[in-house]
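Close look at the chain arrangement
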Amino acid sequence: MVPPGTSCSNCGAAVPTDAFLCPACHEPVGEDLWEAALPAEAPTEPPFPAPAPVAAATPVAEPSSAPVRPRTAPVRRPPPNNPFSQDFARRLGRLNQWAESVEALGVSIPRLPAWAEEAAREATNPEPWAEVVRGVERIAQRRIITAFEEWAKNTKVRLTRLEAYSVDSRLERDQIEDAMHTARTGDIAQALATYRQVDRVVTIKERHLDQAREELERVVSLLKDMQALAIDPPQDPAETADELEAELRAGKLAALKQQIRALRLQAVGKLKSALPRYITEYGDYLVEERTHGIATEREAIDLARGARDFFRGRPEEGLRRLRALQEMHGLPPGHSSRASARPVY
């Protein structure tokens, strides 16, 4: 209600206490009249505050008893600054290289397991691991030196055999001493390189000598087989063996091979004219024995195989088979006298 004795703020007319409009100008009673009618201690704000608007679609989360911490990516620790890492990698690579290279020497060296390698790289105090690696290197070096000593002893025996046949091996002996010296001083890589070179050269020289020795024995055996079959060889087998052996021990391998090749051609040429007569006579001998009830099927097979080997370009194998047949079954009676008079079929 408007307090008594008030007037309209628009026209100044008196306004009744229970009026909301001025009776004179019909304007609403001013707000200042209502504010003036309120007591001084009355509150100017409503007694209950309006509730805050809440979005309908957003659920209200219940408060948790534990504090919620923001999720962050894990922090990776930088690798420790290990001064041993670079030296360790170098030493480890050298050990691996040694292990692969000394397999030809027949020796195995110790190696660090994977977990030890990882622990050594990540260690904040690398000195204990450095001592472990140095110990492994000392063990590996001792084993390698022992293997080199055994190799040097065996190789010197091989060189002695080559020198018995006038094969020069002074350079290889010097290289063996160089390899031993570099291995003892710790330069295993250089020692292994020298070892491979010496072993390759010695193996080549032995191969050439063995081939010459094999050719010598084959041609001498061919001459002996001809003599055993009563076919005159181009040279006496015993004298030829001594002569060729002297050439071999003199180190004249090229001249020796030429002499062996010429002698073999002479023997094969003589066999081509004399061996068919021998095979024919021996076949007749087996047929004659068969007519007397003696089983000669096995001997006939051996005779045919010996003839086949010879005429297929394997004279040494053919004569060896024919000689074995003769030693088992014997020569035909009067073979030497009939050999010159019997025609060749």
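Report on the accompanying structure. (Residues numbered from 1 in each chain as written. Predicted model: local features only at pLDDT ≥ 70, side-chain atom pairs only at ≥ 80, totals over all residues. Heavy atoms only, no water.)

**Some remarks on the overall build of the protein**
To be explicit about the condition: Only DSSP runs of H or I with at least four residues qualify as helices, and only runs of E with at least two residues qualify as strands; both kinds are numbered from the N terminus onward. Summary of the burial criterion: residues with accessible area below 20% of their type's maximum are buried, those above 50% are exposed, and those between are partly exposed, where the area comes from a 1.4 Å probe applied to protein chains only. We call two residues in contact whenever any of their non-hydrogen atoms come within 4.5 Å of each other.
A tally of helices and strands in the protein yields 11 helices and zero strands. Starting at the N terminus and ending at the C terminus, the protein contains elements arranged as α-α-α-α-α-α-α-α-α-α-α. Here the protein holds 345 residues, and the buried ones make up 34% of them. Long-range contacts, defined here as pairs at least 24 residues apart, represent 66% of the contacts in the protein between residues at least 6 apart.

**Concerning the pattern of salt bridges**
Where we set the bar: Salt-bridge detection follows one rule: a side-chain nitrogen of Lys or Arg within 4 Å of a carboxyl oxygen of Asp or Glu.
In total, this model carries 22 salt bridges according to the counting rule given. Residues R158 and D199 are paired through a salt bridge, measuring 3.3 Å at the closest nitrogen-oxygen approach. Of this pair, R158 sits in helix α4 (residues 127-164) while D199 sits in helix α6 (residues 188-228); the two residues are 41 residues apart in sequence, bridging distant segments of the chain. Note on R158: relative accessible area 22%, which makes it partly exposed. Residues joined by salt bridges that share partners form a network here, namely R91, R94 and E137.

**Focus: α4**
Here is the rule: What a helix should span is 1.5 Å times the count of its residues minus one.
For α4, with 38 residues, the first-to-last C-alpha span of 55 Å sits near the 56 Å given by 1.5 Å per residue. One or two residues past the end of α4 sits S166, with phi positive at roughly 60°.

**A look at the packing of α4 against α6**
Inclusion rule: Fitted lines through C-alpha atoms give the axes, limited to the stretch in contact for helices. The angle between two N-to-C directions lies from 0 to 180 degrees. Throughout, the term roughly parallel applies to angles under 35 degrees, roughly antiparallel to angles over 145, roughly perpendicular to angles from 65 to 115, and oblique to all others. Handedness of a helix crossing follows the sense of rotation of the near helix relative to the far helix, less than a right angle counterclockwise being left-handed and clockwise being right-handed. In this classification, the charged set is Asp, Glu, Lys and Arg, the nonpolar set is Ala, Val, Leu, Ile, Met, Phe, Trp, Tyr, Cys and Pro, and all remaining amino acids, among them Gly, are polar.
Two elements in contact, α4 and α6, have axes whose closest approach is 11 Å; the angle formed by their N-to-C orientations is 25°. Comparing their axes, α6 and α4 come out roughly parallel. With respect to the hand of their crossing, α4 and α6 are arranged in left-handed fashion. Contact residues: α4 offers Q141, I144, F148, W151, T155, R158, L159, R161 and L162, while α6 offers I188, A191, L192, Y195, V198, D199, V202, T203, K205, E206, L209 and D210. Taken together, the residues of the contact of α4 with α6 sort by class into 12 nonpolar, three polar and six charged.

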